[in-house]
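Each chain is listed here by its residues.
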Amino acid sequence: MTDLQAAPALSEITVRNPADGSVAGSVPIDSPHTVAAKARALRDAQPEWEAMGADGRKTWLLTMQDWILDNADHLADVLQSETGKPRTDAAMEPPLSADLLDYWARHAGRFLADRHPAAHSPLMKVKRLTTVYRPFPVVGLIIPWNFPLLNIALDGVAALAAGAAMLLKPSEVTPLSAVEFARGWTEIGAPPVLALTTGYAETGAAVIANSDCVHFTGSTATGRKVAVACAERLIPCTLELGGKDPAIVLADADLDRAAAGIAWGGMFNSGQVCVSIERVYVEAPVYDEFVAKLTGEVSRLRQGQDDARYRFDVGAMATPAQRDIVGRHVDDAVARGARITTGGRPTGVGTFFEPTVLADVDHSMTCMREETFGPTLPVVKVADEDEAVRLANDSPYGLSATVWTGDLDRGERVARRLEAGAVNINDALSNGFNFALPMAGWKHSGIGSRQGGAEGVLKYCRPQAITAPRLPTQKRELLWFPYSRRKSRIAAGIVRAAAGRGWRRVGRTPGNSR
Ligand code: NAD
């Protein structure tokens with residue numbers, strides 16, 4: 001059976017809260033036919049959206065920003081109902097989404113402005129050169145379950161700001177926040193350039209089949225299939241995939257801050273973040289002290305099914321399958337000699353897995369090689385900075401990394417040796433909150449980037465080159481037909497004069513040697 005056949009033969013998806021199994025809602029399973037119809041409607045609406053320009057679109061994006069903030073509590077309720085997140089994690093998604101709407105609304109006009117590059121040669125100064133950025137008509141956005149609202153803003157708002165229409169496919173596990181986002185877009189009366197489509201892999205494949213450009217966030221395995229499907233259609237895609245982010249703790253670090261920061265960077269959202277800290281390398285002189293401090297931090301975390309009263313730090317895993325991966329990684333580590341210093345088991349309720357620290361870990365264990373995407377922090381002792389860098393780079397992933405040190409120059413030197421798209425010094429996840437920076441996974445962690453200032457919006461555009469004469473034109477250009485030896489020698493001689501270095505080459509007219 002192929003993946004595309006894997007969806008159960010139902011007409012709708014029942015969404016459950018993974019914390020207690022209660023039903024949170026349901027969405028239809030869109031057939032490829034339905035997806036194609038939605039894409040056609042987007043194609044009809046998109047030219048007007050493009051034609052209104054960045055300033056016109058800004059008005060709608062800022063209105064949507066207001067809608068998100070006005071509905072923040074309700075959105076946090078929906079987020080919790082489909083993910084089992086703690087309130088603090090759920091409550092951050094609406095304001096961060098609003099911040100992204102604000103960023104793209106206010107900056108897209110400048111990023112998309114026509115450019116007039118200087119001519120590369122004096123001969124070309126006779127033309128006025130213009131680069132125009134024209135959006136792909138329909139951008140397909142396929143997203144996972146870890147940040148059901150924020151992922152739309154992280155990767156989709158820039159497409160709308162660029163003037164594209166967006167065909168949005170949320171994860172089958174958490175589609176309800178996307179339903180809310182689409183409802184908001186309709187409720188504010190915005191043009192119909194956002195269409196929601198729900199379903200499993202087959203629906204995702206139909207999104208690719210009907211889009212002109214795709215952004216995908218999710219697993220590396222699915223990302224590879226998406227890249228192949230886009231290649232078949234010769235459409236571009238950007239991929240934001242899995243990670244196995246290392247943290248390097250140097251002996252001169254503030255160990256209290258490092259332990260608190262790594263506990264948060266590893267356990268935030270139950271570790272279900274592409275940029276979660278998933279492996280920790282600590283210089284030998286401070287290893288025992290660091291493990292004790294990290295164990296203290298993690299063992300104090302409060303875990304449970306939260307409500308709107310902000311009572312817990314760590315929530316449920318998104319799916320039973322995800323919880324089972326965590327269990328497999330912990331069991332493998334223990335069987336091969338690792339020591340659990342806190343946590344280590346599913347709690348037995350819903351999909352919760354205890355926040356876990358593993359000590360005496362070696363680099364061959366599954367928890368160090370494969371993406372866990374859960375609340376575990378394996379900690380490895382290393383001899384020195386060089387060994388830490390070598391092991392940190394020994395991974396197929398290269399999303400991001402952290403370095404903890406009392407010497408910022410040293411931190412930056414280490415950062416520049418790491419094979420990762422982002423490195424945060426003495427902090428975790430902070431590049432993700434800085435929208436002007438690229439977030440671009442290296443190696444198996446992705447292709448292209450999300451955010452990144454102008455790049456974040458230009459990736460949804462096709463550059464168009466326009467030339468126009470600056471001077472009154474002749475009936476014919478020198479190089480036009482009919483060809484002749486004399487015209488050819490003049491034309492080639494002029495170009496040679498502009499391109500050549502040194503009098504000997506510049507002065508030698510083609511044909512003179514014969
Ligand atoms: P996934 O890659 O299986 O699915 C992501 C999205 O792709 C979903 O919307 C899904 O319906 C869609 N999809 C699945 N097959 C498709 C296909 N053949 N064509 C088009 N679309 C398709 O990811 P997931 O199930 O949401 O999570 C599984 C794993 O992904 C996790 O265990 C974790 O390792 C990783 N993950 C990474 C991130 C990240 O931000 N990088 C986020 C969540 C999950």
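Predicted model, so just to flag it, every value in this text is computed and none were measured.

Novice: Is there a simple way to explain the site of the ligand in this structure?
Specialist: Not every one of the 26 residues close to the ligand is listed here, only the nearest: K169, E172, S219, L241 and E371. Between the ligand and the protein, one listed contact pairs an oxygen atom with a side-chain N or O atom of S219 at 2.7 Å. In the environment of the ligand, an oxygen atom lies 3.0 Å from a nitrogen or oxygen atom belonging to the side chain of Q322. Within the complex, the protein chains bury 88% of what would otherwise be the 820 Å² of accessible surface of the ligand. For the shell around the ligand, the elements supplying multiple residues, two or more each, are helix 8 (201-209) and strand 7 (213-217). Among the elements that make up the shell around the ligand, the one with the highest residue count is helix 8 (four residues). Here the residues of the shell around the ligand sort into 13 nonpolar, nine polar and four charged.

Novice: I tried to follow the UniProt feature "domain: Aldehyde dehydrogenase" (unreviewed entry) in the protein chain on my own but got confused; where do I start?
Specialist: Following the UniProt record, one finds the feature "domain: Aldehyde dehydrogenase" (unreviewed entry) at residues 11-465. Taken end to end, residues 11-465 is 42% helix and 20% strand, and its first and last C-alpha atoms sit 47 Å apart.

Novice: What should I look at first to understand the packing of aromatic side chains in this one?
Specialist: Pairs of aromatic rings are described using the distance from one ring centre to the other and the angle between the two planes. Overall, the coordinates contain nine aromatic pairs when judged by the stated rule. Ring centres of W104 and F111 lie 6.4 Å apart, and the angle between their planes is 70°; this geometry places the pair in the edge-to-face category. By relative accessible area, which is 0% here, W104 ends up buried. By relative accessible area, which is 8% here, F111 ends up buried. When the centroid spacing of 4.9 Å and the interplanar angle of 55° are considered together, the rings of F481 and Y483 count as tilted. Residue classification places F481 among the exposed residues on the basis of a relative accessible area of 58%. One aromatic cluster is present, formed by Y103, W104, F111 and F435 through successive ring pairs.

Novice: How do you make sense of the side chain of D212 when you look at a structure like this?
Specialist: For D212, the position within the fold is in the loop between helix 8 and strand 7. Non-local contacts of D212, meaning those with residues more than four positions away in its chain, are made with R43, F136, P137, V138, I235 and P236.

Novice: For this particular structure, what's the right way to read the nonpolar core?
Specialist: Counting 107 residues, the largest nonpolar core has W185, V249, I262, V280 and F290 as its most contacted members. The greatest single-element share of this core, amounting to 11 residues, is contributed by helix 4 (residues 87-112). Filtering out sequence-adjacent residues up to four positions away, V280 remains in contact with A247, V249, I262, F290, L377, P378, V379 and V380. Ranked by size, the runner-up nonpolar core spans 25 residues in total, among them I248, Y281, V389 and V414.

Novice: Please explain the sheet that holds strand 6 (residues 194-196) as it appears in this structure.
Specialist: Hydrogen bonds between backbone atoms are what pair the strands of a sheet, whose relative direction is either parallel or antiparallel. Here we have six strands laid out as an open sheet, ordered 6-5-4-7-8-19, and mixed in their pairing. Each edge of the open sheet carries a strand with a single partner, namely strand 6 and strand 19 (446-447). Across four bridges, the pairing between strand 7 and strand 8 (residues 237-240) is parallel. The partner of F216 across the bridge, within strand 8, is L239. Most of the contacts of helix 7 (residues 176-187) go to strand 6, to which it runs at about 145°, and overall it touches strand 5 (165-169) and strand 6.

Novice: Can you walk me through helix 15 (residues 408-415) in this structure?
Specialist: One full turn of an α-helix is made of 3.6 residues, so residues set three or four places apart face in the same direction. Looking at helix 15, one finds that the buried residues are R410, G411, V414 and A415. The buried residues of helix 15 occupy one face: seen down the axis, they fall within an arc of 140°. Seen from the buried face of helix 15, the exposed residues on the opposite side, beyond 90 degrees, are D409 and R413. If you follow the buried residues of helix 15, they end up packed against strand 9 (245-249), strand 10 (277-283), helix 14 (385-393), strand 15 (400-404) and strand 16 (422-425). N-capping of helix 15 is provided by D407, with a side-chain oxygen placed 3.0 Å from the backbone N of D409.

Novice: Even after reading the chapter, I still don't get helix 4, so can you show me in this structure?
Specialist: Between its terminal C-alpha atoms helix 4 stretches 37 Å, which fits the 38 Å expected from 26 residues at 1.5 Å a residue. In helix 4, a bend of some 35° at R106 exceeds every other bend along the element.

The rules we used
- Residues numbered from 1 in each chain as written.
- Predicted model: local features only at pLDDT ≥ 70, side-chain atom pairs only at ≥ 80, totals over all residues.
- Heavy atoms only, no water.
- Near = heavy atom within 4 Å.
- Polar contact = N/O pair within 3.5 Å; in protein donor to acceptor, adjacent residues only side chain to side chain.
- Areas by Shrake-Rupley, 256 points an atom, 1.4 Å probe, with all protein chains shown as cover.
- Helix = DSSP H or I, 4+ residues; strand = E, 2+ residues; numbered from the N terminus.
- Nonpolar A, V, L, I, M, F, W, Y, C, P; charged D, E, K, R; others polar.
- UniProt positions renumbered as here; feature names shortened; annotations may be inferred.
- Phe/Tyr/Trp six-rings, centres within 6.5 Å; stacked < 30°, edge-to-face > 60°.
- Buried < 20%, exposed > 50% of the residue type's maximum accessible area, 1.4 Å probe, protein only.
- Contact = heavy atoms within 4.5 Å.
- Core = buried A, V, L, I, M, F, W, Y, C linked by side-chain atoms within 4.5 Å.
- Pairing = 2+ DSSP bridges.
- Axes fitted to C-alpha atoms, helices over the stretch in contact; angles between N-to-C directions.
- Arc of directions from axis to C-beta.
- Expected span 1.5 Å × (residues − 1).
- Bend = angle between axes of the 7 residues up to and from the residue.

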